[in-house]
Amino acid sequence: LPALWDPQLFIKDLRFDGVPVRIYLPREPPAGKRRGVIFFHGGCGIFGSIRSHERICRYIAKNSDSVVVSVGYHLAPEHKYPAQTLECLAATVHFLQTADTYGVDPARIVACGDSVGGTYAASVCQELVHRTDLPKIRAQVLINPFLQALNFNLPSHQKNAFIAFLSRERAVHFILKYLGKDCSLKEPLLAGSHVPESVELKYRKWISPDLIPEEFKLGYKPPVPSSFLPQVHEQVPELFECWFSPLLAEDAVVCHLPDTCIVTCGHDVLRDEGLLYKKRLEDNNVRVTWHHVEKGFH
């Protein structure tokens, strides 16, 4: 949808530190300063736009009486990773610094995103935890987030391997497209051949089927161990960066993250990434609200 007139909202296209955004302000005069929501749309970093997520942003603004800023970060492959993360960060910092201009309480700003938008929300919150020159993000809302690229053989990957829209194979295909890599790397990544044993051992405490609740592991079969391929590992260093895989952030960062809401779906290859992040946050005494839509899909 384009930015058409809405009887309940003022809608305007702006730029925050050079990044295109669309802002939604409730027309009803507020009793005080409003909450703010900065929203990052999904689409694997190569699809989607402000327009594709117009309805959900209007809905959030109206139903939560919040000022919503939808970020129109530039897409890959024309704009190479990590341009998307950097633009989301720049827009968030600008909103935190100028919240008063839009009638928003800078201490009540939420970072929200779906799919890769959830990745950006998680990355932005991690990046800002030690910034003392800015107001703190009040909460993060991660909807079906993508959070790691080390293990594509978790129970939800097996259960939903051939699910419509986002299959296990398609998820890895889109990752490679997003990073501008050769799609011949898909099979080694699916097998886990890109992860050195030392790295797998280091992150097993955070990324492992053993950490998934038993009710989500029905029918799960541990995969046959794969051989490490150094030449594959060397071609995908981005997968091991926290900006790309927020689940790899150290506890010193995770323990300072804001209150979190995580939404997972039963028919989603990414379900277990939300479950693993939920456990990490809770283990670090971060308050988490979890909503699971058993019959939902990505």
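Residues numbered from 1 in each chain as written. Predicted model: local features only at pLDDT ≥ 70, side-chain atom pairs only at ≥ 80, totals over all residues. Heavy atoms only, no water.

As annotated in an unreviewed UniProt entry, the chain is ADCL3 protein from Mionectes macconnelli.

Visitor: Please explain the pairing of strand β1 (residues 9-16) as it appears in this structure.
Guide: In summary, the side chains of a regular strand alternate between the two faces of the sheet. Bridge count between β1 and strand β2 (residues 19-26): eight bridges; the pairing is antiparallel. Paired with R15 across the strands is P20, a residue of β2. (Pairing = 2+ DSSP bridges. Helix = DSSP H or I, 4+ residues; strand = E, 2+ residues; numbered from the N terminus.)

Visitor: Please clarify how the nonpolar core should be interpreted in this entry.
Guide: A general tendency of soluble globular proteins is for nonpolar side chains to be buried together. Judged by nonpolar contacts, the single largest core of 80 residues is most densely connected at F40, V71, L239, F244 and Y277. Beyond its immediate chain neighbours, meaning those up to four positions away, L239 contacts A149, L150, I175, L179, L189, H194, F244, S245 and L248. Among the nonpolar cores identified, the runner-up in size contains 13 residues, and L9, Y24, V37 and C57 belong to it. (Core = buried A, V, L, I, M, F, W, Y, C linked by side-chain atoms within 4.5 Å. Buried < 20%, exposed > 50% of the residue type's maximum accessible area, 1.4 Å probe, protein only. Contact = heavy atoms within 4.5 Å.)

Visitor: Whenever I open this one, the pattern of salt bridges confuses me. Can you help?
Guide: Any two side chains of opposite charge can pair, so long as their charged atoms come close to each other. Evaluated as defined, the whole model comprises 18 salt bridges. Here E169 ties to K186 by a salt bridge, and the two come within 3.2 Å at their closest N and O atoms. Pair noted here: E169 is in helix α5 (residues 168-179) and K186 is in helix α6 (residues 186-191), with a separation of 17 residues, a long-range link. Looking at K186, the relative accessible area reads 16%, which means it is buried. A salt bridge links K278 to E282; the shortest N-O distance between them is 3.3 Å. Within this pair, K278 and its partner E282 are both found in helix α10 (residues 271-283), separated by four residues, close to a single helical turn. By relative accessible area, K278 is classed as buried at 18%. Since its relative accessible area comes to 36%, E282 is described here as partly exposed. (Salt bridge = Lys/Arg side-chain N within 4 Å of Asp/Glu carboxyl O.)

Visitor: Mind showing me how you'd approach the domain arrangement of the chain here?
Guide: When the parts come together, some accessible area is lost, and that loss is often what is quoted as the size of the interface. Assigned domains within the chain: domain 1 (9-148 + 244-297) and domain 2 (155-240). Opposite the 33 residues of domain 1 that make contact, domain 2 presents 27 residues. Between domain 1 and domain 2, the buried area comes to about 2,700 Å², and carbon and sulfur atoms account for 69% of it. It is F244, L248 and V269 that lose the most area in domain 1 upon contact with domain 2, and together they represent 26% of the buried surface on that side. (Domains from an automatic or database assignment. Buried area = accessible area lost by both parts, 1.4 Å probe.)

Visitor: How do you make sense of the state of the cysteines when you look at a structure like this?
Guide: In protein chemistry, a disulfide is the covalent bond that joins the sulfur atoms of two cysteines. Under the counting rule described, the total for this entry stands at zero disulfides. Here C88 is not disulfide-linked; the sulfur of C125 is the nearest cysteine sulfur, at 11 Å. Relative accessible area serves as the criterion here: at 0%, C88 is assigned to the buried category. (Disulfide = S-S within 2.5 Å.)

Visitor: What am I meant to see in the packing of aromatic side chains here?
Guide: Each aromatic ring pair is described using two quantities: the centre-to-centre distance and the angle formed by the ring planes. Inspection of every chain in the model, using the stated rule, returns eleven aromatic pairs. Ring pairing ties together the aromatic residues Y81, F146, Y178 and F244, which thus form one cluster. Over the ring of W206 we find R280, and its NZ or CZ is 3.6 Å from the ring centre. (Phe/Tyr/Trp six-rings, centres within 6.5 Å; stacked < 30°, edge-to-face > 60°. Lys NZ or Arg CZ within 6 Å of the ring centre and 35° of its normal.)

Visitor: What exactly am I supposed to notice about the UniProt feature "domain: Alpha/beta hydrolase fold-3" (unreviewed entry) in the chain here?
Guide: Following the UniProt record, the feature "domain: Alpha/beta hydrolase fold-3" (unreviewed entry) maps to residues 37-190 and 241-298 here. Its end C-alpha atoms 35 Å apart, residues 37-190 is made of 40% helix and 17% strand. The span residues 241-298 carries 29% helix and 33% strand; its end-to-end C-alpha distance comes to 24 Å. (UniProt positions renumbered as here; feature names shortened; annotations may be inferred.)

Visitor: For this particular structure, what's the right way to read the packing of helix α2 (residues 83-98) against helix α3 (residues 116-128)?
Guide: For the pair α2 and α3, the least separation of the axes is 10 Å and the interaxial angle reads 60°. The angle between the axes of α2 and α3 places the two elements in the oblique class. The hand of the α2/α3 crossing is right-handed. Contact with α2, carried on its side by Q84, T85, C88, L89, T92, V93 and L96, involves Y120, S123, V124, E127 and L128 of α3 and no other residues of that element. A per-class count over the contact of α2 with α3 returns seven nonpolar, four polar and one charged. (Axes fitted to C-alpha atoms, helices over the stretch in contact; angles between N-to-C directions. Parallel < 35°, antiparallel > 145°, perpendicular 65-115°, else oblique. Left-handed = near helix turned anticlockwise from the far one by under 90°. Nonpolar A, V, L, I, M, F, W, Y, C, P; charged D, E, K, R; others polar.)

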